[in-house]
Every structure is written in C-alpha cells, then in structure tokens.
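Summary of the model geometry
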Amino acid sequence: MTTRQRTRVTVNGRVYEREVEPRVTLADFLRHDLHLGGTHVGCEHGICGVCTVLIDGLPARSCLTLAVQADGMEVTTIEGLRDPETGKLHPVQQAFVDAHGLQCGFCTPAFIMSTVELLRDNPDPDDEAIKEALGGNLCRCTGYETIIASVRLAARRLREQSGPA
Amino acid sequence: MAREFPRLPEELPTSAVRYVGKEVRRVEDPALVSGSAPFIDNLQLPGMLHCAILRSPHAHARVLKVDASAAEALEGVVAVLTPDDVKRWANAHVTSPPGWGTHCIAIDKVIYVGEPVAAVAATSRHVAEDAIELIDVDYEVLPAVASAPAAIAPDAPVLFEEHGTNVIQKRVYTWGEVDRVFREADHVVTASFRWNRCGANPTETFGCVCQWDLTDNSLVCHGSYQVPGFWGLARSFSLNLPANKVKVVSHPMGGGFGGKGGARGTDIAALLSRKAGGLPVKYIEDRMECLLAGGSQSWDRRYEASLALKADGTITGFDVKLLDDQGATTETYGTISVAKPLAAFTGNYRIEAARYDTTLVVTNRAPVAPYRGYGPPPHFLVLENLVDMAARKLALDPADIRRRNYIRPEQFPYTIPSGNEYDSGDYEAVLDKVLKLADYAALRKEQAAARAEGRLVGISVVNTVEPGVFDWNAYATVGVQGVGVPEGARVSFDVLGNITIVVGFNLQGQGQFTVAAQVAADYFGVDITSVKVTTAATDATPPHFGQGGSRVGVAITGAVLGACQKLEADFKRVVGHIMGGLPPDAIELMDGRLRVKANPAMGMTVAEVAGTMLGRSDLLPPGMEPNPTATSVWTAPGRNMPDEEGRCRSYLTAATATHVVMVEVDRGTGHTSILKYFIVDDCGTRLNPASVEGQLQGAVAQGVGAALLEEYVYDDGANPLVTTFVDYLMPSIHEVPITRRDHIVTPSPVTPLGAKGCGEGAMHTTPAAITCAINDALAPLGIEMTETPATAQRVWMRLKEVGAAR
Ligand code: FES
Ligand code: FES
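Residues numbered from 1 in each chain as written. Chains lettered and ligands numbered in written order. Predicted model: local features only at pLDDT ≥ 70, side-chain atom pairs only at ≥ 80, totals over all residues. Heavy atoms only, no water.

**Overview of the overall build of chain A**
Heads up, the rule is: What counts as a helix is a DSSP run of H or I of at least four residues, what counts as a strand is a run of E of at least two, and both are numbered from the N terminus. The contact criterion used throughout is that any non-hydrogen atoms of two residues lie within 4.5 Å. For the area figures, the Shrake-Rupley method with a 1.4 Å probe applies, and any residue is considered shielded solely by the protein chains shown. When charges are counted, Lys and Arg are positive and Asp and Glu negative, with His and the chain ends excluded. To locate a charge, the coordinates of NZ of Lys, CZ of Arg, CG of Asp or CD of Glu are taken.
Helix and strand content of chain A: 5 helices and 5 strands. Once the C-alpha set of chain A is aligned to its principal axes, its extents read approximately 50 × 30 × 25 Å. If you take every contact in chain A between residues at least 6 apart in sequence, the share linking residues at least 24 apart comes to 56%. By element, 48% of the accessible surface of chain A is carried by carbon and sulfur atoms, the whole surface being about 7000 Å². If you average the places of the 17 positive and of the 22 negative side-chain charges in chain A, the two averages end up 4 Å apart.

**Some details on the sheet that holds strand E12 (residues 281-284) of chain B**
Residue and element names in this part refer to chain B. Put simply, the rule is: Two strands pair if DSSP finds at least two bridges between them. Axis definition: a line fit to C-alpha positions, over the contact stretch in the case of helices; interaxial angles, taken between N-to-C directions, run 0 to 180 degrees.
Taken in spatial order, the 7 strands line up as E3-E5-E1-E12-E9-E10-E11 in an open sheet, and their pairing is mixed. In this open sheet, the two strands that pair with only one neighbour each are strand E3 (77-81) and strand E11 (246-250). The mean inter-strand angle of the sheet, taken between neighbouring strand axes irrespective of direction, is 25°. Across the sheet, helix H8 (residues 263-275) lies against strand E1 (49-55), E3, strand E5 (116-122), strand E9 (207-213), strand E10 (218-223) and E12, angled at about 35° from E9, the strand it touches most.

**Quick word on the confidence of the model for chain B**
Counted only if it meets this: Per residue, pLDDT captures the predictor's confidence, and it can take any value from 0 to 100.
On average, residues of chain B score 96 in pLDDT, and 99% of them are at 70 or above. Across the interface, the model reports ipTM at 0.97; the global pTM reads 0.97.

**What to know about the environment of Gly670(B)**
All names here are of chain B. Looking at the secondary structure, you find Gly 670 in the loop between strand E26 (653-665) and strand E27 (672-682). Residues Gly 670 and Trp 796, 126 residues apart in the sequence, show an inter-C-alpha distance of 4.1 Å. What Gly 670 contacts, discounting residues up to four positions off in sequence, is Val 665, Thr 791, Ala 792, Val 795, Trp 796 and Leu 799.

**Some words on the state of the cysteines**
Counted only if it meets this: Cysteine sulfur atoms that pair up within 2.5 Å are treated as a disulfide.
Counted according to the given criterion, the structure contains 0 disulfides over all chains. In this model Cys683(B) remains outside any disulfide bridge; the closest cysteine sulfur is found in Cys758(B), 4.2 Å from its own.

**A word on the pairing of strand E23 (residues 593-596) of chain B**
All names here are of chain B. What counts is decided by this rule: Each residue's exposure class comes from its accessible area (1.4 Å probe, protein chains only) as a fraction of the maximum for that residue type: buried when under 20%, exposed when over 50%, partly exposed otherwise.
Burial along E23 is one-sided: Leu 594 and Val 596 are buried, and none of Arg 593 and Arg 595, which face the opposite way, are. Here strand E22 (residues 587-590) pairs with E23 via 4 bridges, running antiparallel. Looking at E23, one finds that Met 590 is bridged to Arg 593. What sits between E22 and E23 in their antiparallel hairpin is a turn of 2 residues, with Asp 591 showing a positive phi close to 50°. Sheet topology places E23 next to strand E24 (residues 599-605); 4 bridges connect them, and they run antiparallel.

**What to know about the domain arrangement of chain A**
Residues and elements named next belong to chain A. Counted only if it meets this: Each domain's extent was defined by an automatic or database domain assignment. Defined in terms of a 1.4 Å probe, buried area is the accessible area two parts forfeit on being brought together, summed over both. For this analysis, a salt bridge means a side-chain nitrogen from Lys or Arg found within 4 Å of a carboxyl oxygen belonging to Asp or Glu. N or O atoms within 3.5 Å of each other form a polar contact, as long as, within protein, one can give a hydrogen and the other can take it, and as long as residues adjacent in sequence are counted only when both atoms are side-chain atoms.
When cut into domains, chain A gives domain 1 (5-77) and domain 2 (91-162). When each unit is reduced to the centre of its C-alpha atoms, the spacing between domain 1 and domain 2 is 22 Å. With 16 residues of domain 1 at the interface, the matching set in domain 2 holds 13 residues. Across the domain 1/domain 2 interface, buried area totals approximately 1100 Å², and carbon plus sulfur atoms make up 63% of it. On the surface where domain 1 and domain 2 come into contact, there are 0 salt bridges. At the junction of domain 1 and domain 2, the tally comes to 5 residue pairs in polar contact (both at pLDDT 80 or more). Every element with two or more residues in the side of domain 1 that touches domain 2 is listed here: strand E3 (52-55) and strand E4 (58-61).

**Here's the deal with the side chain of Ser460(B)**
Residue and element names in this part refer to chain B. By the element assignment, Ser 460 lies in strand E18 (residues 456-468). What makes Ser 460 buried here is its relative accessible area of 0%. Only 2.7 Å separates the side chain of Ser 460 from the backbone oxygen of Ala 769, close enough to count as a polar contact. With near-sequence residues (within four places) excluded, Ser 460 lies in contact with His 659, Val 660, Val 661, Ala 769, Cys 772 and Ala 773.

**Concerning the packing of aromatic side chains**
All names here are of chain B. Which entries qualify depends on this criterion: Any two of the Phe, Tyr and Trp rings considered here, Trp counted by its six-membered ring, make a pair once their centres fall within 6.5 Å; the pair's planes then place it as stacked at under 30 degrees, edge-to-face at over 60, or tilted in between. Look at NZ for Lys and CZ for Arg. If either is within 6 Å of the ring centre and within 35 degrees of the ring normal, a charge sits over the ring.
Under the definition given, this model contains 28 aromatic pairs over all chains. Taken together, a centroid distance of 5.0 Å and an interplanar angle of 80° make the contact between Phe 493 and Phe 524 edge-to-face. A residue pair is termed long-range when its members are at least 10 positions apart, and Phe 493 in strand E19 (residues 487-493) and Phe 524 in helix H15 (residues 512-524) qualify at 31 residues. With respect to burial, Phe 493 and Phe 524 carry one shared label: buried. One aromatic cluster in this structure is built from Phe 230, Tyr 333, Tyr 374, Phe 470, Tyr 475, Phe 545 and Tyr 651. Taking the ring centre of Trp 89 as reference, the NZ or CZ of Arg 88 above it sits at 4.6 Å.

Okay, structure coming up:
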C-alpha cells in the first residue's frame, strides 16, 4: 500500500502539492499532512458531519473523500475564514460566539462551514431552511437551539454588511 | 475554619456587578470557532508513533496464543504489546468495587467483544492497523452471559472464576418503615421498567499521547482527560509507578458527559512507549471502538418498583428493586450510577419510607461507564411514571398529585429518607410558572380535541431534583474509595495587573473558564479581557478533581473566590503599610481599588498594588513576600460518613426543574413527535445564564435520544449489533425540540454566590417527561411504554398488540 499519487490541492487559497497514499482521507491529509487541525473527525463513516469542509464551494465530508479525489480542487476549511492579517473572525464565526452557538466546540468548525455555504445562496433562511442545511451535522452539546440562533444572527449581519439589496 | 464567601453576586466588592450573573461571551470561544483549540489529535510530538488495538471478536473466550511475529516484521512497526508484556509490567485495573477488573489487554481470557488483546505502535496509524491484522490469536470460545437475568441464572457461566458468581454486589437499603406504609396504603401502584443501554458519545472520541521516560521510569500522558489527577493516580496503580511520576496533561475535550478518559487506551499507549524505547505513542479511539467498548455505554437496568399512596394521593412509600448490568468489568465506575440515586431518591416529594434493593452483576457486554446524570435519569423515569400511574388510578391531574406531595419551601434544609440534605427550593413556584408558560389548561383542551379525532396526543408534567456538587462520600457504598473532590485555583497578578488563573481541569464545553474569569473580574473590578484562565498539568496545578457530578461551576467559584480573598488580605496589608502604617482592616476593596475606609479618596488600584509587590520590595510590610499570588482549594462543608444504610450528606445542592411536554404518537408508524416542550427550572444563581440555558437545552437533546432513539443492542450471544452511527441514532437538528423556558432563582444558602450544580440539567427530567407524555397519549388504549427507548418500532408493536395500530 505504499504507492503514492501526486496530488495538487488548493486549500484556503494556497496550493499544496504532495505525494499521497491513495487511501489517505482528505480529513487526515488536511489535519496531519497540512497541519490544519481545525477540521475535526467524529465518526469517519459519514454520519456526524464533524469533518465538513467546502470543496469547490460545496460542503463535503472530508472523512469520506480521499485526498487524491481532491486533486485539482479548491478546499476551504475553518482556518480559511478569519482575516489572516488581523485575526478578525468571519461574521459567521463571530455570530457563533455572540449567540453562544457552541459548547465544546468540536462540531463547530463544521457547522460554520455549512452555514457559510447556506448563507451564500440564501441570505435570509427560515428555520426550515436552516434545519435542512444543517441536518447532516451532529452536535452532542447544544441541542441546536443556539446554533439556529447563530445562523440567524450571522445572516442578519451579513445582509446588513452587504447593504440593501 | 470555614471561609465566609459572598452569598450572592451583589455581595462582591463592587458597586455594580459587571459579569457574574450576566450573559457573558465565553472566553473559550474565539479559539474554538477558529479551529485552533488544541484537541488531543492535533498534538504531534517529534518521533511520535501511532497505536492501533486488536480487539476481541468474542464475548467470552480463553486466549490460548497470541503470535505477533508477522506484525513485528512489518516495515514501520516499532513495538507490539502482547499479554506477556502486560503481565510483566501492569496490574489489573482499579475498579469499584475492587476485584472486578482486568488488565489493559486481556491476559488469559476475553470477557467482551471489543476487549483489547494486543496493540501495535507504528510510524503511522495505517501501518499500525495493517499490522494488527497480522497478529494471530487462538481462542477457545466459552459460553457467554448475554444479559443480567442470564448472569444470575443458576447454571450461568462465570466471568470472574475467582469470585464464583457474577453478582458484584447485592445490597438492600431500607429507610423508614417501608413494610408498614405499604401495608397501610390505600393504593399501591406497581410496574416493571426496562432501561436499555445508551451513552455519552461526545463528538470527539477519547485520545491520548503517552511518553514513557526510561531514564527515571516516569510517564507523561497528554489526552482528553476530564478528571486529570484521578486518571493519573489510577495509572500509577495500573502501571506500577509512584503517583508523582505520572504527569497528566489534559487537553480541551470535544465533550465528555461522563467518563472522558480511557484507562485501557492510556495504559496501552504508555506501555507501547515503554517498549518502543520511550518514543511518544498516540492512540486515538475511533468511533467504532468508542461505540463498541469506549466507555460510551451506560445504564442497563431492569426495575420493579411500587408506590404506596393514601386515598387522597399522598405518597407514603417508594420501593425499588433494581437489577443492574455492569457489563464485563467495573473498571469504568459504572457502579456509581447505582449509588447516585441515594442523593435524590424520592425526588421532589415528601415520602416517609423508601427501599432500594440493588443487585449489580457482570455480563459479557461492554463495561458500563458514567453518563450525564449518572444514575438518576433512569431512576426518575421509574418514579415519575409511577406517580403518573397513581394519578391515573386516583383520577388526579398529574400536576395536582405532584403539588400535594412536594417538599414545601419552609421545610428546607430537608433531609430525604435516603439521607441526603436538600439545601433549598420552591417546587410549587416552579410548577406554577411552567403551567402558566405552557398554558396548561389550553393544552389539555387541545388534547381533548385531538383525542376526539382519535389522535394519540399526550401531555406530561414531570419534575425532578438534580443533585449537584457531589462529594467523596456519595459513592462509598459501591466501593469507590478515596475519591476526594477538592477543586483548586491559583490566582496571580503580574507586574502590570493582568490576572492569570490556573486550574486543574480543561475545557469540556460547560464554559467554566468563563465562570472563573467572571468571578475574578468582578472581585477585582477589572475587565474580563485582562483575566486569563489556563489549565496546568497535574504536577503544576493545585489539588483538583475536575468535571463530574455537576460540581465544577460551584467548586471553581469557591476556589477563585477563596484565592481572591487571600489576595485581598495581602493587598490590604500592603496598602495599609504604604498609607502610613494603617492596619489592614482600615482598608477596603471596592471596584478594583484598595482604599482607606476613613478617606476613600486615598487608595491604590489592584494593579498598582500588584506592581508594587513585585517591583518595590522596599515598600512592603516587613516579612511580606513579593508574591501577588494565592491558591485556594474549595471543598463542600459539612460532609459526613455514610451510616449503615448509606445515608449521608453527599450532594451539596438540589436544583429542580419541571417539564411540560406534549407529544403525539402516530398509529401508523409508532413514531412519537414532540409537539411542545416547556421548562421552568431553579438552579439558584445563574452564574452565566447563557451557559445554564445551553446546558439545559443540550441535555434535552440527550434526553430525547435516550427516550426515543439511542440503544446499544446485543444479541443472545452478547454480540453487539450497534457499532456505527448508522445504527446508534444520535438526535439531529430534526429530532430535538426547541424548548420554551423560564426559571426562578432560589439561591443556595450553602454555596459561594448561591449557585447550584446544573450541568447535568434536563437529562434528569427529559427521558421521564417524554415517556410520561407518551403514556398519557396511550392511556385511552390502556397500555403503557415502560421500556426505553420508546422507538417507533417498539411503540408500534405495542399498538398492534391491542389492535390500535393503523
Ligand atoms: S467524521 Fe466525517 S461524517 Fe463523521
Ligand atoms: S458544541 Fe460540542 S458537539 Fe457541538
């Protein structure tokens, strides 16, 4: 199992080119090879959604994606959200802080990534749309109430930020 | 002498409390939302190896041979741990009660599916997993004990041959004249209940990185450990090391809810490191290991229980018989969950006599571990369902029968028959408030209308008491010895007046670093951003216990306050001295200034005092050390030895909550929909209200899982049928009701600032509340669900039995 495959992935705008064993998941590749530890794994079998990242802008389970499958693609992880220079949090991140959308925080990067994608296409989601978008992410701590509140707060701030339509 | 603490936030030395009791943004959150919190799997050490564990495919078998030669020969494998190594280097695990544990990997026989039999350390996890497939194990399969009734059958195979029985402990506690009250009762309600296994399942599984120093035989364990000192002590026993040679570094945890930590995983990684010449070894439990044998299974119980009542609905007796399946060993302290109900045995009620007949057995299922609430969630499911059954029998409203049996506000402090003392409460006020919030009368009308249409709609009104702040005496009766629960904090000022608080536990989600920061910031009148809270390894931290038993919020408040008080005393000496030799009691602390009482314009800020202490020894009173640092270790006052019936003051606080739930059961599928959910609770002072609300709603989610979805299923051969999240159903955003909540505040008279333990919260009440609502829905059919989880399948089968399924 030592055959390696040349893989070129853009992560948070930076290009990485590595020799990767085909069996390595994207989650492990991000976490252990690229040292981007903000993408967590909760089950490694596709149910919990804790490993969610954006691949070419769409949410994907990085535990079910092989690193070599991401060859040529653009991946966004939680590390790619805040302002790299000032450290200022992305509005969705800040909304999760302000509306108490987390407890242990292990699921949170995934919820935030799913929310970023949701709000890009739907700036004013109702509860049903939020539940639909986040239905594939498990949180064991919060009971989801404050997560929904965080998404709504983020949506409002992003709408305000982009001005009247 | 006991320290005097401010009993309410208003008594803090500030004219306007800024943080305690206010909704505060958590100090822990920016790192967590950025993905930069150092969860254990993010730790990489130079030369680090990765561990994979070979686990038993059999529930009960003798291990005849373990041949690891092929694994050892695989490129990248550095060490293989076999039973021989473990025999040589390790002891059987300390258990409660003692003598019901085994080594970290099986030595002579395996006693549950998933028990470790060998382990590999290799240059990558992939190689380690390849290698364990090359290990050759010969087993002689033995007949398995698949359930608790099977464990006590006369011809049952025995797991621990040295004991000659599968019964770990049999004990009957009798409090008051139980036989008499049942003899004299006008009504007796009796039922059997079955609570199937469910468990914690935090989103982060257990993980550790262990490094054995071969020079001085010492060990460092980094990992997701919720009670670091305790885990370290246990390792010193299992690995034959002096306790001060085991250093535990606790990392932030992705949730815990019970036994976050891993005795076997830690010992295995530690011994692999020893065998690998001292290279660090990482072990990250995967989800399947967690579900199979990772301390995520709890509460495998069968109950027979009765209530004795007078004609008017007064409850006089509560008789509980429990058969408890602990799984294969008692190494994970699951026995605690049998003892904890003693702290709140009779719930919110005045019940004069009670009995608790307990039988704890081992079976070839995975060992059970603590889970949020420990023991009371199933116990309250039994009590509250019996109360509802009694209400139906006596044609009383469930709210009314409860109301007439409540402990009344003037009766506190109130000692319950099982010995614990409740500190305070006002149960009727909670009930009234939730009935109003829910518009209970309207709900009942809605229900009547639905019933008239043939729909199965039910409502419950369920209350429980949450024992908070456990102590060493709580679990002595199930053989947990020497669990002291000190909680320490070291508070220090730097030369510029910034505050650092060092505690002995790490983040787990409850926001306790924020609580520590809130208390110190208000005490010294500084901005919360100038307070940093950090955890230290076990060799550098004050005595501590950590999360467990709804106690850290209260305990850390006490510890931080204690340290602040010591600093205040030192600061007063310094300022008095500088202000011309005034005695310390001529100085007072207010809003961050140490000022002269007689002339408040004269004074110094805390930052100035700290800076002076560290920078100008010439200005200090003679003999005073230049050290604006203080350590305080809090523990609950007034704890006592259990008597012969297990009675003692074990849990310091008694929070309460009443839930009103409306459900509908679908005749076609048996599916239960939660239509409405209301909660009013009282946990005294809410230190950070946002965190309290989060604990409540989060525990509702877990309660919904326990009541309706989550179950570890085993077959007749004790083989687990649930090993992935495909079959262990965790509640998603679609299953969890968003509850409507309110609260009252009855401050605890016995805790610093009046807070009560509240971390386990709704887990005590939700499973009972949902099943009671289901049973109200089913009442017109004359059937009851007394088995958890009330899955659609189970309910539908029951409906079918009475011809009510569609
Ligand atoms: S870790 Fe990928 S879905 Fe659970
Ligand atoms: S905050 Fe802990 S799992 Fe979501």
